[in-house]
Amino acid sequence: MPKTLLAAVLAVLVAGCAGHKPEELLGSAVVTASIADISGNHAIFIATTRKRSDDPNKVFDGERSALLSFARVNITVPKSHETGKIERKSRGKSDDPSKYFMASQATGYDSAAKFQSALNTDIAARGGRVMVFVHGYNTGFDDAVYRLTQIVHDSGYPGTPVLFSWASGASTTGYVYDKESAAAARDQLEATLRLLAQSGARRIDLVAHSMGTWVTMEALRQLAIEGNRNLGGKLGDVVLASPDIDVDVFKSQMQRYGKPDKPFIVLLSDDDRALRLSSMIAGSQPRVGDYKNAATDLTSYGVTVVDMSGAKAGDRFNHTKFADNPDLVTLLGKRLRQDDGYASDREVTDRIIQLNQQASPGAM
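Since we're looking at a predicted model, the values are computed, not measured.

Got a sec to walk through the overall build of the chain? Specific residues and values, please.
Scanning the chain for helices and strands turns up 11 helices and 9 strands. A total of 364 residues make up the chain; the buried ones form 56% of that total. In the chain, the proportion of contacts linking residues at least 24 apart, taken out of those at least 6 apart, comes to 78%.

Residues and numbers for the pairing of strand β6 (residues 203-209), please.
Counting buried positions along β6 gives 7 out of 7 residues, so the element sits mostly inside the fold. Burial of β6 is two-sided: the residues Arg 203, Asp 205, Val 207 and His 209 facing one way and the residues Ile 204, Leu 206 and Ala 208 facing the other way are all buried. Both strand β4 (residues 129-134) and β6 contribute to a ladder of 6 bridges, which runs parallel. Within β6, the residue paired with Val 130 across the bridge is Ile 204. Relative to strand β7 (residues 235-241), β6 runs parallel, the two sharing 5 bridges. Directly across from Ala 208, in β7, lies its bridge partner Leu 240.

I'd love a proper account of the sheet that holds strand β8 (residues 264-268), names of residues and values included.
Read across the open sheet, the 9 strands follow the order β3-β2-β1-β5-β4-β6-β7-β8-β9; overall the sheet is mixed. Sheet topology places β3 (102-109) and β9 (303-307) at the edges, where each strand pairs with a single neighbour. Each strand of the sheet is rotated relative to its neighbour by a mean of 20 degrees, with strand direction disregarded. Note that β8 and β9 share 5 bridges and pair parallel. Within β9, the position partnered with Ile 265 by the bridge is Thr 304. Along the sheet, helix α3 (residues 141-155) contacts β1 (38-52), β2 (60-78), β3, β4 and β5 (160-165); its crossing angle with β1, the most-contacted strand, is approximately 140 degrees. Taken strand by strand, helix α5 (residues 211-225) contacts β4, β5, β6, β7 and β8, and its axis lies near 140 degrees from that of β6.

Residues and numbers for the side chain of Thr 49, please.
Within the secondary structure layout, Thr 49 lies in strand β1. Not counting residues within four places of it along the chain, the set of residues in contact with Thr 49 comprises Glu 63, Arg 64, Ser 65, Leu 67, Leu 68, Phe 164, Ser 165, Trp 166, Ala 167, Ala 185 and Gln 188.

Provide a residue-level description of unusual backbone geometry, including the pertinent values.
Backbone geometry follows two general trends: most residues other than glycine have a negative phi, and most peptide bonds adopt the trans configuration. Non-glycine residue Asn 138 carries a positive phi angle of around 50 degrees. Mapping Asn 138 onto the fold places it in the loop between β4 and α3. The class for Asn 138 is buried, based on a relative accessible area of 3%. Residues other than glycine seldom take positive phi values, yet Asn 318 does so here, at roughly 55 degrees.

Just give me the short version of the environment of Phe 101, but keep the residues and values in it.
Note that Phe 101 resides in the loop between β2 and β3. Given a relative accessible area of 1%, Phe 101 falls into the buried group. A C-alpha to C-alpha distance of 8.8 Å links Phe 101 and Thr 149, two positions 48 residues apart in sequence. Beyond its immediate sequence surroundings of up to four residues, Phe 101 is in contact with Ile 75, Thr 76, Val 77, Pro 78, His 81, Lys 85, Ile 86, Glu 87, Tyr 146, Thr 149 and Gln 150.

Can you break down the pattern of salt bridges residue by residue, with the values?
Side chains that differ in sign of charge can pair as their charged atoms come close. Taken as a whole and assessed by the stated rule, the structure comprises 18 salt bridges. Between Arg 126 and Asp 122 there is a salt bridge, and its shortest N-O distance comes to 2.9 Å. Exposure remark for Asp 122: the relative accessible area of 14% places this residue in the buried category. For Asp 244, the salt bridge identified is with Arg 287, shortest N-O distance 3.0 Å.

Describe the packing of α3 against helix α10 (residues 326-336), naming the residues involved and giving the relevant values.
Where α3 meets α10, the closest approach of the two axes is 8 Å, and the angle between their N-to-C directions is 75 degrees. Between α3 and α10, the interaxial angle falls into the category roughly perpendicular. Of α10, the residues touching α3 (which contributes Gln 150, Ile 151, Asp 154 and Ser 155) are Val 329, Thr 330, Leu 332 and Gly 333.

Reading guide: rules and limits
Here the residue numbers are simple positions, counted from 1 along each chain's written sequence. Local features in a predicted model are, by the rule used here, given only for residues with pLDDT of at least 70; side-chain atom pairs are given and counted only at 80 or more, and totals for whole chains, interfaces and linings are based on all residues. Side-chain calculation: all heavy atoms of the structure are included, whereas hydrogens and water are not. By definition, any uninterrupted DSSP run of H or I lasting at least four residues is a helix, any uninterrupted run of E lasting at least two residues is a strand, and each is numbered from the N terminus. Only protein chains enter the accessibility calculation, which uses a 1.4 Å probe; a residue is then buried when its area is under 20% of its type maximum, exposed when over 50%, and partly exposed in between. Any pair of residues with heavy atoms lying within 4.5 Å of one another is described as a contacting pair. For two strands to count as paired, DSSP must find a minimum of two bridges between them. To obtain each axis, a line is fitted to C-alpha atoms, and for helices this fit is confined to the stretch in contact; angles are then taken between N-to-C directions over 0 to 180 degrees. One speaks of a salt bridge when a side-chain nitrogen belonging to Lys or Arg is within 4 Å of a carboxyl oxygen belonging to Asp or Glu. Each angle gets one of four labels, with under 35 degrees taken as roughly parallel, over 145 as roughly antiparallel, 65 to 115 as roughly perpendicular, and the rest as oblique.

Take a look at the structure:
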């Protein structure tokens, strides 16, 4: 591929995941809002391979850290929130919790033990469930925090949300940097999952998006090699949304992991423009997230393939349907609220198929 074309493809590709420069997470000039103006207040626990930012309001930046850092951020969601959207203030606007997602507090933990103690308290209060979210490429720390908040809020997930945030540079020219950052983070994701397994959690669900699915599969592969692929029986559902993974790489990861005991759900869409461009960069090698033969070729590995091709998307790249399509994020919550194996997989899959059939051809 010529260099000029590659640069253009990269710029378009990485613009499709988050789409704007990292911004301050913590505000300053806050407009007072009444309780009636707020529909949710969520404590997001964080394990990250990012460096702490020199700007305390950004909390963490896009540079890599050799050490795993821990924190908790409290986020409010406005009453005016629409399912599937993340209402964020534009530049020059006041930090108004009645209109926008707002971070009200950030707390750092200087040791894994202190982080685990805070986690245990929250997990016990929420019934023993934990959801770990691993974001995709071109994602600033603020975007990652707000996306997990939106998923938890819109899906009605009852457990403790944990964001694993690897050091994405959140730059339109940083695809290669992000790929290397993802590779550098897989051991720390494994360490985070082990820490959660040693906590009071009885069930740990994993939701990963885009390039974050590769980090997740690598961590699970490593756990399998070490003989602890199910985290001592605590691993719940694994949801891989729009996986930016080479199909052959995914097959080799699943071969090493083995057929799952709990659902591995692959959400894909053959109109995912971001993955189409990723495939071009990879020499036209198909990505799992837009693999047309997935239903026949991947199910033998024990995964449940869910095709979202007919569903509407909230972004022009059709890359974040799992979270920004109101119906899909609601169905994701329904799946994650189940406690028993494969019982509801068919129901959820059939409902998504119905949504696809109802979608008009010009809706995309």
